[in-house]
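So the chains spell out like this:
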Amino acid sequence: MNDDVRNIVLGVVAAGISAALGWVARTYLWKRRLRRKQAFFGLPDNSESLLVVNRGAAGPELAVMRYDVFALLELAALVKDCGAQAQVVAHDVARQGFGERTEFCVGGPASNRRMTAHLASLLPGVRMNVDAEPTPDRGALQIGAERYRLEAGITEYVLLARLTVEASPHNRPVFLFCGQTAITNQAATRYLARHHERLRRKHGNSSFVLLLKVVNSHAYGPDVVEEVADVTRAARAPLPAQATAARPSHRAS
């Protein structure tokens with residue numbers, strides 16, 4: 001074997017080794033990202049999760065708003081990416097406790113009974129006005145001492161929460177998407193899908209409650225979302241008695 005042939009053989013071998021090492025490194029990094037994502041969502045391989053769906057406030061019991069369907073599609077894609085399975089369950093038949101399976105609960109208390117139960121049990125510092133009368137506070141979101149009014153199509157608010165119950169044997173999280181309108185529910189699920197890595201880096205696998213603002217949904221749909229505040233402490237503390245009194249409401253600036 002002359003020098004030229006030897007150099008070619010060595011070059012091919014070196015290229016093969018480099019490609020193999022690169023593939024191993026990429027596979028390792030991909031698997032590490034996947035494991036972190038699975039841990040954040042509580043969705044190990046082949047696990048099951050619940051997508052708890054609400055109903056259209058003005059429709060029959062099983063009617064789902066178009067934007068809430070879009071929200072479920074966003075969540076189903078997340079579940080699939082984790083190698084898990086999703087079961088869609090109506091809000092009034094999802095009768096189970098916390099932590100056995102990861103749960104994604106979509107819709108405000110006006111259209112989702114399970115969301116009403118979650119707010120009472122897990123977020124006692126949160127109230128949403130569900131009165132049918134068209135008053136200025138209709139749909140307003142109360143968090144602690146602060147009240148956030150709905151301005152439909154202009155400024156709308158939604159809570160995005162990841163909650164765990166330590167006493168649960170599996171400690172799988174419950175994700176809440178509690179919005180003032182159906183489009184805000186989709187906005188919150190899309191926000192979670194786009195920013196889950198940043199949220200994991202910031203909060204780890206701990207509980208958190210974020211208040212998001214959907215800006216000018218009439219023009220931008222669910223895409224323009226601002227994080228208003230981390231309201232975990234206020235949302236998980238009992239609601240002060242004076243919080244139900246009239247207070248200045250937050251509006252678009």
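Residues numbered from 1 in each chain as written. Predicted model: local features only at pLDDT ≥ 70, side-chain atom pairs only at ≥ 80, totals over all residues. Heavy atoms only, no water.

Q: Residue-level account of the overall build of the protein, with values.
A: Helix and strand counts for the protein come out as 6 helices and 11 strands. Residue burial in the protein is summarised as follows: out of 253 residues, 44% are buried. The long-range fraction of contacts in the protein, counting pairs at least 24 apart against all pairs at least 6 apart in sequence, stands at 69%. About 13,100 Å² of surface is accessible on the protein, with carbon and sulfur atoms providing 56% of the total. (Helix = DSSP H or I, 4+ residues; strand = E, 2+ residues; numbered from the N terminus. Buried < 20%, exposed > 50% of the residue type's maximum accessible area, 1.4 Å probe, protein only. Contact = heavy atoms within 4.5 Å. Areas by Shrake-Rupley, 256 points an atom, 1.4 Å probe, with all protein chains shown as cover.)

Q: Report on the sheet that holds strand S3 (residues 102-106), specifying residues and quantitative values.
A: Strand order across the open sheet formed by 7 strands is S2-S1-S3-S8-S7-S9-S10, with mixed pairing between neighbours. Two strands close off the open sheet at either side, each with one partner strand: strand S2 (85-90) and strand S10 (225-230). Mean inter-strand twist for the sheet, computed between neighbouring axes without regard to direction, equals 20°. Taken together, the 6 bridges between strand S7 (residues 155-163) and strand S8 (residues 174-179) define a ladder with antiparallel strand orientation. (Pairing = 2+ DSSP bridges. Axes fitted to C-alpha atoms, helices over the stretch in contact; angles between N-to-C directions.)

Q: Please provide a residue-by-residue account of the confidence of the model for the protein, values included.
A: Here the protein averages 83 in pLDDT, and 81% of its residues register 70 or above. No element of the protein has a lower mean pLDDT than strand S11 (residues 249-250), at 51, and none a higher one than strand S9 (residues 208-215), at 96. (pLDDT = per-residue confidence, 0-100.)

Q: Outline the packing of aromatic side chains, listing residues and values.
A: Aromatic rings in a pair are described by how distant their centres are and how their planes are angled relative to each other. Tallied over the entire structure, the rule returns 8 aromatic pairs. For the ring pair phenylalanine 40 and phenylalanine 175, a centre distance of 5.9 Å and an interplane angle of 55° mean the geometry is tilted. Of this pair, phenylalanine 40 sits in helix H1 (residues 3-41) while phenylalanine 175 sits in strand S8, placing them 135 residues apart in sequence. The burial state of phenylalanine 40 is the same as that of phenylalanine 175; both residues are buried. On the basis of an interplanar angle of 20° and a centroid distance of 6.3 Å, the ring pair of phenylalanine 40 and phenylalanine 208 is categorised as stacked. Of this pair, phenylalanine 40 sits in helix H1 while phenylalanine 208 sits in strand S9; the two residues are 168 residues apart in sequence, bridging distant segments of the chain. When sorted by exposure, phenylalanine 40 lands in the same class as phenylalanine 208, which is buried. Three or more aromatic residues joined by ring pairs form one cluster here, namely Phe40, Phe41, Phe104, Phe175 and Phe208. Stacked on the ring of tyrosine 67, the Lys or Arg arginine 66 has its end atom at 4.7 Å from the ring centre. (Phe/Tyr/Trp six-rings, centres within 6.5 Å; stacked < 30°, edge-to-face > 60°. Lys NZ or Arg CZ within 6 Å of the ring centre and 35° of its normal.)

Q: Residues and numbers for unusual backbone geometry, please.
A: The backbone phi angle of asparagine 46 is positive, close to 65°, even though this residue is not glycine. Judged by relative accessible area, asparagine 46 falls into the exposed class, the value being 63%. Phi at asparagine 216 is positive, roughly 50°, even though this residue is not glycine. Under the relative-accessibility criterion, asparagine 216 is labelled partly exposed at 28%.

Q: Account for the pairing of S9, naming residues and giving values.
A: Counted residue by residue, S9 has 7 buried out of 8 residues, so it is predominantly covered. Across 8 bridges, the pairing between S7 and S9 is antiparallel. Bridging across to S9, leucine 160 finds its partner in leucine 210. Pairing of S9 with S10 involves 5 bridges; the strand directions are antiparallel. Note on S10: the bridge partner recorded for leucine 211 is alanine 229.

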